[in-house]
Structure formats: structure tokens, C-alpha cells
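# Structural overview for review
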Amino acid sequence: MEDKRFIANKELIEDDGDVSLRPKTFDEYIGQEKIKANLKVYVAASKARGEALDHVLLYGPPGLGKTTLSHIIASELGVEIKVTSGPGIERAANLASLLTNLQDRDVLFLDEIHRLNHSIEEILYPAMEDFALDISTGKGAGATSLRLNLNKFTLVGATTRAGMLTGPLRDRFGVICRLEPYTRDDLVRIIKRSARLLKIEIDGDAAAELASRSRGTPRIANRLLKRVRDFAQVFNAGKIDLPITVRALNDMEIDPLGLDYNDIKLLNALINKFGGGPTGLDTLAAAINEDAGTIEDVIEPYLIQLGFIARTPRGRIALRDAYAHVGIKPPQKLTEQLSFLTTENTGDNG
Ligand code: ADE
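Throughout what follows, the structure given in this document is the object of discussion. (Residues numbered from 1 in each chain as written. Predicted model: local features only at pLDDT ≥ 70, side-chain atom pairs only at ≥ 80, totals over all residues. Heavy atoms only, no water.)

## Describing the pairing of strand β4 (residues 132-137)
- As judged from the 6 bridges shared by β4 and strand β5 (residues 144-149), these two strands associate in the antiparallel manner. Its bridge partner being in β5, S136 is matched across the sheet by S145.
- As consecutive antiparallel partners, β4 and β5 are separated by 6 residues, and within that stretch G138 has a phi angle of approximately 75 degrees, a positive value. (Pairing = 2+ DSSP bridges. Helix = DSSP H or I, 4+ residues; strand = E, 2+ residues; numbered from the N terminus.)

In C-alpha cells form, the structure reads like this:
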């Protein structure tokens, strides 16, 4: 029996109401072209050999399609997928039960794999490497251990924090894919596809405006599309044109670059409270009353991508374009920061 606490079934993970916007095949999936092309090769080759696909690690910011890709991998392999997550597995027995229920070549999707408890993670090592489950029984001198063979399977792990995985776990993935923010063109195509599926009429310039404000993220694009549809229904006879799109996005306080209240709050704190930094992550988190992990995973990646902030060894700094965006004249000191940025390693130490 599947335990609903740690296995999400298909209904539970669909969040699109009646119509799923998730692409079901590689060919329906827009963007991430390199990853898709390579995955197609690995899937075709493992199918031709009749073997399980090597374990796959998908990493990158939230909303870029890690879960969607894992479902596509399973469906293209023609196997079942079981879905769970790091925090969802509380006890070793939960993972053991999942693993022993996998059929030959099935996919186990483990979301937020960086949040897996370390003692549970150790069960994964022999499972991934030798398709074996080591079970110890008894305690002290009477302790014995027995090895149970598992069916061959593919673990698809997903994380927003590849850096938080332990070396031994990372080393057991044969395929490692880093998902990148989507281009505006890809987002336009995704929005048009979603509009078609939802039977929404949308003008090309309205789709382009939505794409510009979606922070390179399909999940955000699809969410905004649905909210703009609400505005269009109430104020514009259901038709999504550019004026109703701009009005809806402005009313939702999403600015022309897609920055929302939280992004602006962070930029304002960094610039106004800390003179543009360098400011440590925890200091910044306390100043804006936000969780440090959310800042790192959700807020910062897009600000970094825009060139608004940088992570330096001494902390976060605001860059010239961030000052321009919030309408504040940058100080002279900024030039020094930039030369410091280019002469030292820019690794992140919070
Ligand atoms: N919906 C969400 N992400 C998508 C993608 N990458 N391609 C097509 N439709 C999507």
C-alpha cells in the first residue's frame, strides 16, 4: 500500500485545476534545449539496452520544470514514477518501503533531495550503486545485517541547492543537469501554449509583456496568465490584450522586470540600510524579516541574473543597475566594489 504521507499521487501534484499545463513529452516541453537533447539520447540508449537509465540530478531555481522533466523522463522510458521528497521521508522504513515497491526500471522522483536526513541518505548509497537494501536487525553483539536485492531503478533527484548535497550522494548521479532561467522567447511560447490549452484568447504583445515580467520562470508565467485572465474576464470581455495585461500586472505590483514587493524590499534594504553592502545573508534576512533560504533560492537568483546584486566573499552588494531601478544615485564607492569583485574570487560564503 502506498502511504499518502510520503507519496504524492498524480492528483495531488497537479495544480492546474481541470487542465494540466504540464508538457507530457520532450517534444511538448519548451526550452532547456541542451538538457532536453541530451536526456533524449540517454533515454533512447537505456531503452535500447533494456537497462534502467542512470540516476539523474536536476538542479536550479524553483519553477523551472524539474518535476515536469522527471515525469517526462518516466513517461518517455515507458515506466511508472513514484514521487516523494526529502522532508517527506521521516523514517528509514518509509524509504525502504518505497524502494522495495519499485518495479524494474521505474523512476523514483525525490524532490528537495538536499533536505534528506543524513541517516536516511545512507540507505540510498547501496540502493543507487548496487540496487540493494542493507537491513540490520538486533542490537549489540546479536546484531546482524542482511542484504535485500532491489529491482533496478532510476533515481531522479531535484534540488534548488546542489551545493548542499554531500559528495558521496552527488557522485552517485550519472547525469547532472543544471536548469537555467528561460529566455523571453521561450516564455512567450509557453504562455501561448498554456493559453491554447486553457482556451484563453491572448494577443502577441500581451504574451510578450507577460513573458517579460515572469522572471525567466514558467511557473510564474502560467500563474500570471491565470490572474490576467481574471482581470480580462471582469474588465475586458475575456480578451487578453496589452492594456488589460499591463493594468493587471501593475495592480498586482509586478514591475516591468517582474520584480515584486519582496525583491524591491531586499534591494531597498541593501541600498538604504546597508549603503549597498557588502552585507551578510543573515543580516539581510533579519533586516527584511525573510528566511535566509528563501532569499538564496527564490529572491536572489533573478536579481543576480539581472546584474542587480552580486554575492561576494564579504557578502551581498548592490550593483549599478539596482540603484537605477530603485531610482537612487549610486555612490562613488561602487566603482571600488566592482574592481574588488573582479580581482577576488566571488565564491559565496554568505
Ligand atoms: N509549462 C510549464 N513549463 C513548460 C515548458 N517548459 N514547456 C511547455 N509548457 C510548460
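## Considering the sheet that holds strand β3 (residues 107-111)
- Pairing within the open sheet is parallel, and its 5 strands lie in the order β2-β3-β6-β1-β7. Edge strands, defined here as strands with exactly one partner in the open sheet, are β2 (81-85) and β7 (175-178). Neighbouring strand axes in the sheet, compared pairwise and without regard to direction, differ in orientation by 15 degrees on average.
- As judged from the 5 bridges shared by β2 and β3, these two strands associate in the parallel manner. Paired with I81 across the bridge in β3 is V107.
- With respect to the sheet, helix α2 (residues 33-49) is in contact with β1 (56-59) and β7, its orientation differing from that of β7 by roughly 160 degrees. (Axes fitted to C-alpha atoms, helices over the stretch in contact; angles between N-to-C directions. Contact = heavy atoms within 4.5 Å.)

## A short note on the pattern of salt bridges
- According to the stated counting rule, one finds 22 salt bridges in the structure shown.
- As a salt-bridge pair, R105 and D104 come within 3.4 Å of each other at their nearest N and O atoms.
- Given the relative accessible area of 33%, R105 is considered partly exposed.
- Taking relative accessible area as the criterion, D104 reaches 39% and is therefore assigned partly exposed.
- If you follow the salt bridges from partner to partner, you end up with R161, E296, D297, E300, R311 and R316 in one network. (Salt bridge = Lys/Arg side-chain N within 4 Å of Asp/Glu carboxyl O. Buried < 20%, exposed > 50% of the residue type's maximum accessible area, 1.4 Å probe, protein only.)

## Some points on the side chain of D106
- Secondary-structure assignment places D106 in the loop between α4 (92-100) and β3.
- Although D106 lies buried, it forms no salt bridge, and the closest oppositely charged side chain, K82, sits 4.8 Å away as judged by the N-O distance.
- Engagement of the side chain of D106 in a polar contact is seen with the backbone nitrogen of Q103, the distance being 3.0 Å.
- Beyond its immediate sequence surroundings of up to four residues, D106 is in contact with V79, E80, K152, F153 and T154. (Lys, Arg positive; Asp, Glu negative; His and termini not counted. Polar contact = N/O pair within 3.5 Å; in protein donor to acceptor, adjacent residues only side chain to side chain.)

## Some details on the environment of N149
- As for its placement among the helices and strands, N149 is situated in strand β5.
- Residues N149 and T100 lie 49 residues apart in sequence; the distance between their C-alpha atoms is 8.6 Å.

## Concerning the packing of aromatic side chains
- Under the defined criterion, the tally for this structure stands at 2 aromatic pairs.
- For the pair F131 and F153, a centre-to-centre distance of 5.5 Å together with 85 degrees between the ring planes defines the contact as edge-to-face. Residue F131 is found in the loop between α5 (118-130) and β4, and its partner F153 is found in the loop between β5 and β6 (154-159); the two are separated by 22 residues along the sequence. For the pair formed by F131 and F153, the shared burial category is buried.
- Ring centres of F231 and F235 lie 6.2 Å apart, and the angle between their planes is 40 degrees; this geometry places the pair in the tilted category. Highlighted residues: F231 and F235, both in helix α9 (residues 218-235), separated by 4 residues, approximately one helical turn.
- Overall, F231 belongs to the buried group, its relative accessible area being 19%.
- Looking at R247, its charged tip hangs above the ring of F235, at a distance of 4.0 Å from the centre. (Phe/Tyr/Trp six-rings, centres within 6.5 Å; stacked < 30°, edge-to-face > 60°. Lys NZ or Arg CZ within 6 Å of the ring centre and 35° of its normal.)

## Things to note about the site of the ligand
- Surveying the vicinity of the ligand reveals the residues L21, P23, E28, Y29, I30, Y182, I190, R193, P218 and N222.
- The backbone of I30 places a nitrogen or oxygen atom 2.8 Å from a nitrogen atom of the ligand.
- Take R193: an N or O atom from its side chain is 3.2 Å from a nitrogen atom of the ligand.
- Burial of the ligand by the protein chains amounts to 93% of its free accessible area of 260 Å².
- Across the shell around the ligand, the residue classes tally to 7 nonpolar, 1 polar and 2 charged. (Near = heavy atom within 4 Å. Areas by Shrake-Rupley, 256 points an atom, 1.4 Å probe, with all protein chains shown as cover. Nonpolar A, V, L, I, M, F, W, Y, C, P; charged D, E, K, R; others polar.)

## What to know about helix α12 (residues 281-288)
- Along α12, the residues that are buried comprise L281, L284, A285 and I288. Each buried residue of α12 lies within a common arc of 100 degrees when the element is viewed along its axis, so the set occupies one face. Those residues of α12 that are exposed and aimed more than 90 degrees away from the buried face are D282 and A286.
- Positive backbone phi, approximately 55 degrees, marks N289, located one or two places after α12. (Arc of directions from axis to C-beta.)

## Considerations on unusual backbone geometry
- Note the cis peptide between G277 and P278, where omega equals 5 degrees.
- Tracing the sequence through the fold places P278 in the loop between α11 (261-273) and α12.
- Even without being glycine, F131 reaches a positive phi, approximately 50 degrees.
- We note that A237 has phi near 55 degrees; this positive angle belongs to a residue other than glycine.

## Focus: the nonpolar core
- Judged by nonpolar contacts, the single largest core of 51 residues is most densely connected at L39, I202, L225 and I240.
- Every residue in contact with I202, bar those within four places of it in the chain, is listed here: I191, A195, A207, L210, L225 and I240.
- One finds I89, L98, L133 and F173 within the second-largest nonpolar core, a separate group that totals 24 residues. (Core = buried A, V, L, I, M, F, W, Y, C linked by side-chain atoms within 4.5 Å.)

Remember that the coordinates give geometry; whether it matters functionally is a separate question.
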